[in-house]
Amino acid sequence: MGGNSGQADLHTYKSLAEVSPLGSVEPPKRPRSRLIMHSMAMFGREFCYAVEAAYVTPVLLSVGLPKSLYSMVWLLSPILGFVLQPVVGSASDHCRSRWGRRRPYILTLGLMMLLGLALYLNGDAVVSALIANPRRKLVWAISVTMIGVVLFDFAADFIDGPIKAYLFDVCSHRDKERGLHYHAFFTGFGGALGYTLGAIDWAHLELGRVLGTEFQVMFFFSSLMLTLCFTIHLCSIPEAPLKDIPPQQAPQDLLLSDGMYEYGSIKKVKNGFVNPELAMQGEKPKNPAEQTRRAMTLKSLLRALVSMPPHYRYLCISHLIGWTAFLSTMLFFTDFMGQIVYHGDPYGAHNSTEFLTYERGVEVGCWGLCINAMFSSFYSYLQKALGSYIGLKGLYFMGYLLFGLGTGFIGLFPNVYSTLVLCSLFGVMSSTLYTVPFNLVAEYHREEEEERQQVPGGGPDSSGRGKGVDCAALTCMVQLAQILVGGGLGLLVNMAGSVVVVVITASTVALIGCCFVALFVRYVD
């Protein structure tokens, strides 16, 4: 991990990358330590997510946010992410920074996460210290806290795509699989640690008294963890900058120098990198990377996404189904524990037995989410062994099936102990969603690269889709699922009059997803 080894690694990677501007060169094998360092971003991100899950509702309640604005807080971030995610994914595909294509975006989004944490955990305290007028203080406290929550959610949701694309860029196919398993492992581990720290009553401990409130304590831990983890991540694996192919190495010149085609040949090269008309006129084609970059507009990007191959589209739909089922349970689970399992009343007087019982159920629900996160880490390690026997199709199907059966059992037979035990199946689904779809994207990319290499002169994909766009398209499904859940489940609960409908809906959607991943998703042999 020393500086010299990092420079040597970068030199090796650049040398390999410059062997052939048209071919796809397999990156060198990455040591386990580098892949673990790369996974630290997922650890820090999920740790902060868990802190948000534990504290965002108390924070919003403490600043006096009106109920009419709750839906705006939860829907604004995924709507922005759904619209902008592919644009940033495409921009990172064509980024010319010396630091690489993905890391500038990861650093920017990491700083946005840190700023969001600072605003929603400390906004009320800062506004109270600066503004004395009660009315103005209320307005500013609500505004700053809302901006912080939306900014954090937006950046934390957004950052997953560039992190996955960064892994795909710098790793061989085998290392991509290993890296995704490490990502899932540290995602679960970070979530478990975040939920555990969030469950501690810091107000009665010395650290809480020193820093002021439990919100400041959690900001201290979250900011420290986020800064440390992202620093390690950004220094993990050198990323070669995207360079234009020099004019003297234009594709037609390379073809002519190899003696494969005679000057003026009108032989069509796959992906259109040699223009027959230019070849007949004796002119050199423009740099394909520059052509793609200039042509990349929002309109052409949307066209590239709409015209993506059917197997990518089906994978996105299956990802949407999975995340819709998973988020339906996660967002309402603590409320389900308090109301249905413990028979508490969230609308009762704060000193009433019903309200205190509800709060106890919410606390136990937090421990259930902690079990989910810990089992997600364990299962991500178990996936390696299972994958060799049942393959990606078996892993994908089993994740949806176990989650569907588990949530259905919880909804039909609510019990404290059985519900906590079945929380482990949530971890199976979580690990599946973080690994299998991206493994399939890596398989699709490898297949496409092999096909291009078999065609003389085959070069990078000029359709406008790159690894960043494909990873962003998958991540967009998470935002779309948030929009569907945030906009639809509240209405469904009001119509049914019970939170039980949430887990039953999640079970039904997951079982539909089982059929979809078995019948429509394509798996590479």
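An unreviewed UniProt entry annotates the chain as Solute carrier family 45 member 2 originating from Propithecus coquereli. Taken verbatim from the UniProt record of the chain, the Subcellular location (unreviewed entry) comment is "Membrane".

**Q** What should I look at first to understand the overall build of the chain in this one?
**A** Secondary structure assignment for the chain yields 18 helices and zero strands. Evaluated residue by residue, the chain yields a buried proportion of 52% over its 525 residues.

**Q** How do you make sense of the side chain of H311 when you look at a structure like this?
**A** Mapped onto the elements, H311 comes out in helix α14 (residues 310-341). Not counting the four nearest positions on each side in its chain, H311 is found in contact with Y444, E448 and R522.

**Q** How should I be thinking about unusual backbone geometry in this particular structure?
**A** At H343, a position not held by glycine, the phi torsion is positive, near 60°. Mapped onto the elements, H343 comes out in the loop between α14 and α15 (353-412). The class for H343 is exposed, based on a relative accessible area of 62%.

**Q** Sorry if this is basic, but what is going on with helix α7 (residues 173-199) here?
**A** Each turn of an α-helix holds 3.6 residues, which means side chains three or four residues apart point in the same direction. Counted at 1.5 Å a residue, the expected span for α7 with its 27 residues is 39 Å, and the 39 Å between its end C-alpha atoms agrees. The buried fraction of α7 is high, at 20 of 27 residues.

**Q** When you look at the packing of α14 against α15 in this model, what are you seeing that I'm missing?
**A** Two packed helices can be described by the angle between their axes and the distance between those axes. Put simply, α14 and α15 touch, their axes get as near as 5 Å, and they point 155° apart. It follows that α14 is roughly antiparallel to α15 by the angle criterion. Along this stretch, α14 crosses α15, giving a crossing that reads as right-handed. Residue classes in the contact of α14 with α15 are distributed as 17 nonpolar, 12 polar and one charged.

**Q** When you look at helix α4 (residues 103-130) in this model, what are you seeing that I'm missing?
**A** Residue N122 marks the point of greatest curvature in α4, where the axis turns by about 65°. Within α4 the residues assigned to the buried category are R103, I106, L109, G110, M113, G116, L117, Y120, L121, N122, G123 and V127.

**Q** Just to check I follow, could you spell out the packing of aromatic side chains for this structure?
**A** Each aromatic ring pair is summarised here by two numbers: the centre-to-centre distance and the angle between the ring planes. In the structure shown here, the tally under the stated rule is 20 aromatic pairs. Where Y120 meets F152, the ring centres are 6.2 Å apart and the plane angle is 65°; that geometry is what we call edge-to-face. Of this pair, Y120 sits in helix α4 while F152 sits in helix α5 (residues 134-158); the two residues are 32 residues apart in sequence, bridging distant segments of the chain. Taken together, the ring pairs in this structure connect W323, F326, F333, F403, F426 and Y434 into an aromatic cluster. The aromatic ring of F438 is capped on one face by K164, whose charged end is 4.8 Å from the ring centroid.

**Q** I tried to follow the side chain of E52 on my own but got confused; where do I start?
**A** The residue E52 is located in helix α2 (residues 32-62) in this model. Although E52 is buried, it forms no salt bridge, and the closest oppositely charged side chain is R45 at an N-O distance of 9.7 Å.

**Q** What is the right way to read a nonpolar patch on the surface from this model?
**A** Together, M72, L76, I79, L80, F82, V83 and L84 make up an exposed nonpolar region whose accessible area comes to about 560 Å². Following the sequence through the fold, I79 ends up in helix α3 (residues 70-93).

**Q** Where do I start with the nonpolar core in this structure?
**A** Within soluble globular proteins, side chains that are nonpolar tend to cluster in buried spots. Among the nonpolar cores identified, the biggest contains 122 residues, and Y396 and V521 are the most heavily contacted of them. Counting the residues that make up this core, at least three belong to each of domain 1 (28-239) and domain 2 (305-451 + 466-524). Among all residues touching V521, those that are not within four sequence positions of it are Y314, L315, S318, Y396, L440, Y444 and F516.

**Q** Even after reading the chapter, I still don't get the environment of D175, so can you show me in this structure?
**A** Structurally, D175 is set in helix α7. Of the residues examined, D175 reaches a relative accessible area of 1% and is grouped as buried. With 140 residues separating them in the primary sequence, D175 and L35 have C-alpha atoms 8.0 Å apart. Setting aside residues no more than four positions away along its own chain, D175 makes contact with P28, K29, R30 and L35. Polar contacts involving the side chain of D175 include one to the main-chain amide nitrogen of R30, which spans 2.6 Å.

**Q** How should the pattern of salt bridges be read in this particular structure?
**A** In a structure, side chains of opposite charge can pair up when their charged atoms sit close to one another. Overall, the coordinates contain 10 salt bridges when judged by the stated rule. A salt bridge links R102 to D169; the shortest N-O distance between them is 2.6 Å. On the criterion of sequence distance, the pair formed by R102 in the loop between α3 and α4 and D169 in helix α6 (residues 160-170) is long-range, its members being 67 residues apart. Side by side, R102 and D169 carry an identical accessibility label, which is buried.

**Q** How do you make sense of the environment of L480 when you look at a structure like this?
**A** Structurally, the position occupied by L480 is in helix α17 (residues 467-496). C-alpha of L480 to C-alpha of T324: the two residues are 156 residues apart in sequence and 8.4 Å apart in space.

**Q** How do you make sense of the packing of α6 against α7 when you look at a structure like this?
**A** Running from N to C, α6 and α7 point in directions that differ by 150°, and their axes come no closer than 9 Å. Put simply, α6 runs roughly antiparallel to α7. The two elements α6 and α7 meet at a crossing, and its hand is right-handed. Between α6, through I163, K164, L167 and F168, and α7, the contact on the second element is made entirely by K176, G179, L180 and H183. For the contact of α6 with α7, a count of residues per class yields four nonpolar, two polar and two charged.

**Q** Just checking my understanding: could you explain the state of the cysteines for this structure?
**A** Note on terminology: disulfide describes a covalent bond linking the sulfur atoms of two cysteines. Applying the stated criterion to the full structure yields zero disulfides. Counting only cysteine sulfurs, C476 is the nearest neighbor of C316, a cysteine outside any disulfide, at a range of 8.3 Å.

**Q** Is there a simple way to think about the confidence of the model for the chain in this case?
**A** Atomic detail in the predicted coordinates should be set aside for any region of low pLDDT. Per-chain confidence: the chain averages 78 in pLDDT, with 78% of residues scoring 70 or above. Here helix α10 (residues 251-257) stands out as the least confident element of the chain, with mean pLDDT 34; helix α18 (residues 500-519) is the most confident, with 94. Under a pLDDT of 50 for its full length, residues 1-23 has, in the predicted model, 35 contacts with residues more than four places off or in other chains. Contacts for the low-pLDDT stretch residues 244-297, under 50 throughout, to residues beyond four places or in other chains number 75 contacts.

**Q** Would you take a moment to explain the environment of G513 for this structure?
**A** With respect to the element layout, G513 can be found in helix α18. Classification of G513 as buried rests on a relative accessible area of 1%. Along the chain, G513 and Y400 lie 113 residues apart, while their C-alpha atoms are 6.5 Å from each other. Excluding residues within four positions of it along the chain, G513 makes contact with I321 and Y400.

Definitions and cut-offs
Residues numbered from 1 in each chain as written. Predicted model: local features only at pLDDT ≥ 70, side-chain atom pairs only at ≥ 80, totals over all residues. Heavy atoms only, no water. UniProt positions renumbered as here; feature names shortened; annotations may be inferred. Helix = DSSP H or I, 4+ residues; strand = E, 2+ residues; numbered from the N terminus. Buried < 20%, exposed > 50% of the residue type's maximum accessible area, 1.4 Å probe, protein only. Contact = heavy atoms within 4.5 Å. Expected span 1.5 Å × (residues − 1). Axes fitted to C-alpha atoms, helices over the stretch in contact; angles between N-to-C directions. Parallel < 35°, antiparallel > 145°, perpendicular 65-115°, else oblique. Left-handed = near helix turned anticlockwise from the far one by under 90°. Nonpolar A, V, L, I, M, F, W, Y, C, P; charged D, E, K, R; others polar. Bend = angle between axes of the 7 residues up to and from the residue. Phe/Tyr/Trp six-rings, centres within 6.5 Å; stacked < 30°, edge-to-face > 60°. Lys NZ or Arg CZ within 6 Å of the ring centre and 35° of its normal. Lys, Arg positive; Asp, Glu negative; His and termini not counted. Salt bridge = Lys/Arg side-chain N within 4 Å of Asp/Glu carboxyl O. Patch = residues over 30% accessible without salt bridge, like charges linked within 9 Å, V, L, I, M, F, W, Y side chains within 5 Å. Areas by Shrake-Rupley, 256 points an atom, 1.4 Å probe, with all protein chains shown as cover. Core = buried A, V, L, I, M, F, W, Y, C linked by side-chain atoms within 4.5 Å. Domains from an automatic or database assignment. Polar contact = N/O pair within 3.5 Å; in protein donor to acceptor, adjacent residues only side chain to side chain. Disulfide = S-S within 2.5 Å. pLDDT = per-residue confidence, 0-100.

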